[in-house]
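# Residue-level structure breakdown
Residues per chain are reported as follows:
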Amino acid sequence: MNIRVTLTEKSRAQELNMQNIPFGKHFSDHMLIAIYENGQWGTPEIKPFQPLSLSPANAAIHYGQSIFEGIKAYRHADGSSHIFRPYDNYRRFNASAARLQMPAVPEDIFIEGMRRLIDLDRNWIPGFADHSLYVRPFMFAMDDTIGVKPSESYAFMIILSPTGPYYAAPMKIYVEEYFVRAVPGGIGFAKAAGNYAAAMHATAEAKKKGYDQVLWMDAIEHKYVQECGTMNVFFIFEGEAVTPDLKEGTILAGVTRDSVIEVLQDMGLKVSERPISIDEIISSYQSGKLKEVFGTGTAATISLIRELGYKDIKMDFDIKQWEIAPRVKQLLSDIREGKAADTKKWLFKV
Ligand SMILES: *Cc1c(COP(=O)(O)O)cnc(C)c1O
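Residues numbered from 1 in each chain as written. Predicted model: local features only at pLDDT ≥ 70, side-chain atom pairs only at ≥ 80, totals over all residues. Heavy atoms only, no water.

### Observations regarding the nonpolar core
Grouped together as the largest cluster of nonpolar side chains are 51 residues, with contacts concentrated most on F110, I118, M139 and F156. Of all the secondary-structure elements, those providing two or more residues to this core are β2 (30-37), α1 (59-63), β5 (66-68), β6 (71-75), α2 (86-99), α3 (107-120), β8 (132-141) and β9 (154-163). In terms of residue count, the dominant contributor to this core is β9 (seven residues). The two domains that each donate at least three residues to this core are domain 1 (4-164) and domain 2 (171-335). The residues contacting F110, other than those within four sequence positions of it, are E69, I71, P86, N89, Y90, F93, V105, P137, F156 and I158. One finds L215, A241, I278 and F317 within the second-largest nonpolar core, a separate group that totals 46 residues. (Core = buried A, V, L, I, M, F, W, Y, C linked by side-chain atoms within 4.5 Å. Buried < 20%, exposed > 50% of the residue type's maximum accessible area, 1.4 Å probe, protein only. Helix = DSSP H or I, 4+ residues; strand = E, 2+ residues; numbered from the N terminus. Domains from an automatic or database assignment. Contact = heavy atoms within 4.5 Å.)

Given below as structure tokens:
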């Protein structure tokens, strides 16, 4: 594929201490941009990371046609770089695009563009344990006319951000009984910008109560749990792991979720994708059958949940006793960091 490349005059990689860097604050030397107009994609361009110039009438700002992905790349001990399951993110990206009436991004622009960008900025992949390069592909409307309609032009971009352990601390999660994130028929399954804007108020309210994030429930009965802000959720009972199913299209189909299901099955656990109600969670907590609760997502991999709050009920967990979540986390990290065999072919070599 033809990509126009303009190199930065001087790399900024040496200026940054890449150990324990905060999530999403630093960006690599280059970015990729491809423009869709007149019904087709133009030649992608890799150029120095820089601000964009947009019309104040930019349609994405006003009407929200904006989607993104989150992927990670790792440096292995032999110096090679690897992207974790990028094709799964590619498919999900275009599913989000279709739902928001945006054009599909061709595979070579998404995958080969990402590979070339990461290869060029490979000095930005931190080599430390639990560190990685966060890859953020995104697309937004580029028309500069006011009026509610699908834009006729779009920008697809990829930026890269080196990152250390994210949400490393075990979390306190509030089960939200009033506000909702997604409805059947809505855009819950899409990684669309508006979903996160819609979640912020409830999350801020939960923070006032001392929690880190909310666990959403279904919008119809306010009874079945769905997922957290940017994480899917797993419950480990005696002999069964449960995660909410994706049938209603209200839950983001996490790539980490899918990986964790496979790893849990390999460990010999029965994994059920099924509706799980807050009542079942409370009663199995009270009877001692609920052993572990954790979130899964690219940013954090596995986040242990040490407390679940619902109305005035508090469910505390002694995470030091947990066996499953730490093992899954270790197994996944070892595969991603090249310390365990990639038997499932999850890694894509840069
Ligand atoms: C990104 C995201 C996830 C996790 O998906 P991964 O592919 O595992 O990173 C879960 N829920 C929501 C709402 C998300 O945005």
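Let's pick the thread back up.
### Concerning the site of the ligand
Residues in close proximity to the ligand total 15 residues, the closest being K191, Y196, E227, T256 and T298. Here an oxygen atom of the ligand and a side-chain polar atom of T298 are 2.6 Å apart. Its free accessible area being 380 Å², the ligand has 97% of it covered by the protein chains. A breakdown of the residues in the shell around the ligand according to their chemical character gives four nonpolar, seven polar and four charged. (Near = heavy atom within 4 Å. Polar contact = N/O pair within 3.5 Å; in protein donor to acceptor, adjacent residues only side chain to side chain. Areas by Shrake-Rupley, 256 points an atom, 1.4 Å probe, with all protein chains shown as cover. Nonpolar A, V, L, I, M, F, W, Y, C, P; charged D, E, K, R; others polar.)

### A word on the pairing of strand β16 (residues 290-297)
With seven of its eight residues buried, β16 lies for the most part within the structure. Relative to strand β17 (residues 301-310), β16 runs antiparallel, the two sharing four bridges. Following the sheet pairing, F294 is matched in β17 by L304. Counted along the chain from β16 to the antiparallel partner β17, the turn is three residues long. (Pairing = 2+ DSSP bridges.)

### Points about a nonpolar patch on the surface
Where nonpolar side chains cluster on the molecular surface, the patch consists of V5, L7 and L120 and spans about 240 Å² of accessible area. Assignment of secondary structure puts L7 in the loop between β1 (4-5) and β2. For L7, a relative accessible area of 52% puts it in the exposed group. (Patch = residues over 30% accessible without salt bridge, like charges linked within 9 Å, V, L, I, M, F, W, Y side chains within 5 Å. Salt bridge = Lys/Arg side-chain N within 4 Å of Asp/Glu carboxyl O.)

### Digging into unusual backbone geometry
With the exception of glycine, most residues fall at negative phi, and the peptide bonds are largely trans. Positive phi outside glycine occurs at H222, with the angle close to 50 degrees. Its location among the elements puts H222 in the loop between β11 (213-217) and β12 (225-228). With a phi close to 60 degrees, K345 is a non-glycine residue in the positive phi region. Assessed through its relative accessible area of 70%, K345 is described here as exposed.

### Quick word on the side chain of S259
Position of S259 among the secondary structure elements: in helix α5 (residues 255-266). The contacts of S259, once residues within four sequence positions are left out, are F84, R85, L332 and W346.

### Remarks on the packing of α5 against helix α7 (residues 324-336)
Between α5 and α7, the least distance of the axes is 10 Å, while the angle of their chain directions is 110 degrees. It follows from the interaxial angle that α5 and α7 lie roughly perpendicular. Where α5 abuts α7, its residues T256, S259, V260, V263 and L264 lie against I324, V328, L331 and L332. Looking at the contact of α5 with α7 residue by residue, the class counts come to seven nonpolar, two polar and no charged. (Axes fitted to C-alpha atoms, helices over the stretch in contact; angles between N-to-C directions. Parallel < 35°, antiparallel > 145°, perpendicular 65-115°, else oblique.)

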